[in-house]
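Residues per chain are reported as follows:
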Amino acid sequence: VSQSRYDPLSDGPYFKDYDLYSFSAPVRVSRRLNIKCCSWYTWERDFDLSQDNLHELAYLQNQILSIIKDNPLYQNGAPICTFGFSQGGVMAIHIARCIPVHKAMILGSFYPLEYLTESAILISEIFIGHGERDLIVPFYYAQKLHTHLKQLSTIKKIVYSLYPDLGHTISEKQMEDIIYFLKN
């Protein structure tokens, strides 16, 4: 896990009230796709989380949690927000299985629903955005996640946005929607 510390003042007016950290997933080679890709865990099948995958996630998650927990803002009770794209969305939700997350933003992602129960998820509010033309992670995974999370009484607010002309990428419109979500 590599970490970068952003100066909120230099990142524009949207993030002046946030202490931002970025984590890059380790680079792995996908045997299925025969390409190099950033990945939080090895994925070869239909977005499953095997026991090996869970061990990989837990190891990396613990590194990220130690950085968060060492932060004086966290120690003084500042709300935590997580953001993730694709497998980063998996990690953003996985973090919320360990510490309370005020707001989570998940783009172009998925999560195995059997791991998301009321006692296992600590998210107050979540934004789920997905491109309708996503060929890597089809949008019906986001629809399933949205439908499942609506059934959990522990989540106070769920925003679901489907972007008709978007593939497996992040758009300016999504970022505008996320900024609105953060502010409200």
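One can find the structure itself at the top, above this paragraph.
The text that follows walks through the structure, step by step, so that each part is easy to find. Sequence order as written defines residue numbering, which begins from 1 separately in each chain. Whole-chain, interface and lining totals are the exception, using all residues; otherwise, since this is a predicted model, local features are given only for residues with pLDDT of at least 70 and side-chain atom pairs are given and counted only at 80 or more. The basis for every side-chain value is the complete set of heavy atoms in the structure, and neither hydrogens nor water enter the calculation.

Another point: the pairing of strand 7 (residues 123-131). Exposure categories follow from relative accessible area, calculated using a 1.4 Å probe and restricted to protein chains: below 20% of the type maximum is buried, above 50% is exposed, and the middle band is partly exposed. A helix here means a DSSP run of H or I that spans at least four residues, while a strand means a run of E at least two residues long, and both kinds are numbered starting from the N terminus. The element strand 7 is extensively covered by neighbouring structure, given that eight of its nine residues are classed as buried. As paired elements, strand 6 (residues 101-107) and strand 7 share six bridges and run parallel to each other. Bridge assignment links A104 to a residue of strand 7, and that residue is I126. Strands are treated as partners if at least two bridges between them are detected by DSSP. For strand 7 and strand 8 (residues 157-163), the ladder comprises seven bridges, and the chain directions are parallel.

Strand order in the open sheet made by the four strands is 5-6-7-8, with parallel pairing throughout. Two strands lie at the open edges of the sheet, namely strand 5 (81-85) and strand 8, each paired on one side alone. Here the strands of the sheet are splayed against their neighbours by 10° on average, with no regard to which way each runs. Sitting on the sheet, helix 3 (residues 87-95) touches strand 5 and strand 6, and the angle it makes with strand 5 is about 155°. What makes two residues a contact is simply this: any of their non-hydrogen atoms within 4.5 Å. To obtain each axis, a line is fitted to C-alpha atoms, and for helices this fit is confined to the stretch in contact; angles are then taken between N-to-C directions over 0 to 180 degrees. Against the sheet, helix 5 (residues 172-183) touches strand 5, strand 6, strand 7 and strand 8, its axis set at about 170° to strand 6.

So, about helix 3. Since the α-helix advances by 3.6 residues per turn, residues separated by three or four positions end up pointing in the same direction. Of all nine residues that make up helix 3, nine are buried, and the element is covered over most of its length. For helix 3, the set of buried residues is Q87, G88, G89, V90, M91, A92, I93, H94 and I95.

The rule is short: rings of Phe, Tyr and Trp, with Trp giving its six-membered ring, pair when the centres are within 6.5 Å, and they are stacked under 30 degrees, edge-to-face over 60, tilted in between. This structure, assessed with the given rule, holds three aromatic pairs. With a centroid separation of 5.8 Å and 50° between ring planes, the pair formed by F127 and F181 is classed as tilted. Taken together, the positions of F127 in strand 7 and F181 in helix 5 put the pair 54 residues apart, joining distant regions of the chain. Side by side, F127 and F181 carry an identical accessibility label, which is buried.

Turning our attention to unusual backbone geometry. Even without being glycine, S86 reaches a positive phi, approximately 60°. Along the chain, S86 falls in the loop between strand 5 and helix 3.

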